[in-house]
Amino acid sequence: MAELLSTTYTRADEAFDCLQTAIVKGELAPGEKIGELELCSRFNLTRGPLREALGRLESRGLLVRRPHAGVKVVSVSASELMELYRIREVMEGLAARQAAERMTDQEIADLQATLDTHERMIDEAQGQAYYQAEGDYDFHHRIATGSRNTKLAQMLLGDLYYMVRMYRYRLSTSTGRPQRALGEHRRIVEAIAQRDGELAEFLMKRHINAARQNIERKIEEGELTI
């Protein structure tokens, strides 16, 4: 019975997944004010499950509630986003180094298979986007958990993780960026498979640095509004 309950997918779960995906993909934009009636109509949701979903999204830091101002999708300034990426560069570099030392061979094989799935998804999107679902389907999530560093994983997979996912997808839509990002992911996994922690750390830091530079370029050219 416990197993059955743990696998039950409720209407609130459905509403949560629907809204979180909309936030990550920018269908609900950073800073956008949202109302229950509009969301019910727009996403074909009912009030009870919607309210539970909104509470969960707020606890994840994806929504903010202000007195007399209602609920808005979280947003950050350009400088704050740059700071987040600099933090990621250091922390995920360490995670990649430790993943090379601690992931099992099976976990590495599973990660390589996940990237094969990502490649098919990019092909289906005609190379225009690189969307990764959260958890085990997310390359960066797998590296963080594979590091076996509980404190590091908690920091990377807390509010920072959900905040960054909002912008990762929007930035993956640059021409050629999905294929480049996938290639960078594959080289990181190759280093992990070779148990070369120093190389894995270097490649991960370079990967995130490239993403940060892509953000800066998009902001400067007016392609991305923060």
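Quick note: structure is the one above.
Here the structure is a predicted model, which is why all the values come from computation and not from measurement. (Residues numbered from 1 in each chain as written. Predicted model: local features only at pLDDT ≥ 70, side-chain atom pairs only at ≥ 80, totals over all residues. Heavy atoms only, no water.)

Enquirer: Can you help me understand the overall build of the chain in this one?
Expert: The number of helices and strands found in the chain is 11 helices and three strands. Secondary structure of the chain in N-to-C order comes out as α-α-β-α-α-β-β-α-α-α-α-α-α-α. Expressed as a percentage of its 226 residues, the buried residues of the chain come to 46%. For the chain, the share of sequence-separated contacts (at least 6 apart) that also reach a separation of at least 24 residues comes to 75%. Total accessible area on the chain stands at roughly 11,700 Å², and carbon and sulfur atoms take up 50% of it. (Helix = DSSP H or I, 4+ residues; strand = E, 2+ residues; numbered from the N terminus. Buried < 20%, exposed > 50% of the residue type's maximum accessible area, 1.4 Å probe, protein only. Contact = heavy atoms within 4.5 Å. Areas by Shrake-Rupley, 256 points an atom, 1.4 Å probe, with all protein chains shown as cover.)

Enquirer: Could you clarify how one ought to interpret the side chain of E201 in this entry?
Expert: In this fold, E201 is placed in helix α11 (residues 197-220). Under the relative-accessibility criterion, E201 is labelled buried at 15%. In contact with E201, other than residues within four places in its own chain, are G93, L94, A96 and R97.

Enquirer: How should I be thinking about the nonpolar core in this particular structure?
Expert: Side chains of a nonpolar character, in soluble globular proteins, are inclined to be buried together. Residues L19, L28, I143 and I192 are the most contacted members of the largest nonpolar core, which totals 62 residues. With nine residues, the single largest contributor to this core is helix α5 (residues 78-102). When residues are assigned to domains, this core turns out to be shared by domain 1 (9-71) and domain 2 (76-219), each giving three or more. Aside from chain neighbours lying at most four places away, what touches I192 is A96, A99, A100, M103, I108, I143 and A200. (Core = buried A, V, L, I, M, F, W, Y, C linked by side-chain atoms within 4.5 Å. Domains from an automatic or database assignment.)

Enquirer: Whenever I open this one, the pattern of salt bridges confuses me. Can you help?
Expert: When charged atoms on two side chains of opposite charge get close, those side chains can pair. Enumeration according to the criterion identifies 16 salt bridges in this entry. Note that E58 is salt-bridged to R65, the shortest N-O span being 3.3 Å. Among the residues examined, E58 registers a relative accessible area of 31% and is labelled partly exposed. Of the charged contacts in the structure, one is a salt bridge between R186 and E119, with a shortest N-O distance of 2.9 Å. Here E119 lies in helix α6 (residues 105-124) and R186 lies in helix α10 (residues 177-193), a separation of 67 residues in the sequence. Of the residues examined, R186 reaches a relative accessible area of 25% and is grouped as partly exposed. According to the relative accessible area criterion, E119 is partly exposed, its value standing at 35%. (Salt bridge = Lys/Arg side-chain N within 4 Å of Asp/Glu carboxyl O.)

Enquirer: Would you take a moment to explain the packing of aromatic side chains for this structure?
Expert: How two aromatic rings sit relative to each other is given by the distance of their centres and the angle of their planes. Per the stated rule, a full pass over the model turns up one aromatic pair. On the basis of an interplanar angle of 75° and a centroid distance of 5.0 Å, the ring pair of Y161 and Y162 is categorised as edge-to-face. For the pair Y161 and Y162, one class covers both residues: buried. Looking at R56, its charged tip hangs above the ring of F16, at a distance of 4.1 Å from the centre. (Phe/Tyr/Trp six-rings, centres within 6.5 Å; stacked < 30°, edge-to-face > 60°. Lys NZ or Arg CZ within 6 Å of the ring centre and 35° of its normal.)

Enquirer: How should I be thinking about the packing of α10 against α11 in this particular structure?
Expert: Between two packed helices, what matters for the description is the angle formed by their axes and the separation of those axes. Here α10 crosses α11 at 165°, and the two axes come no closer than 8 Å. With respect to α11, the axis of α10 lies roughly antiparallel. For the pair α10 and α11, the sense of crossing is left-handed. Across the interface between the two elements, R177, A181, E184, H185, R187, I188, A191 and I192 from α10 touch L199, A200, L203, M204, H207, A210, A211 and N214 from α11. Each residue belonging to the contact of α10 with α11 can be placed in one class, and the counts come to 10 nonpolar, three polar and three charged. (Axes fitted to C-alpha atoms, helices over the stretch in contact; angles between N-to-C directions. Parallel < 35°, antiparallel > 145°, perpendicular 65-115°, else oblique. Left-handed = near helix turned anticlockwise from the far one by under 90°. Nonpolar A, V, L, I, M, F, W, Y, C, P; charged D, E, K, R; others polar.)

Enquirer: Sorry, what's going on with the side chain of R88 here?
Expert: With respect to the secondary-structure elements, R88 resides in helix α5. Under the relative-accessibility criterion, R88 is labelled buried at 3%. For R88, the contacting residues outside a window of four places in its chain are G93, H140, L160, V164, R168 and I208.

In short, shape yes, function no, at least from these values alone.
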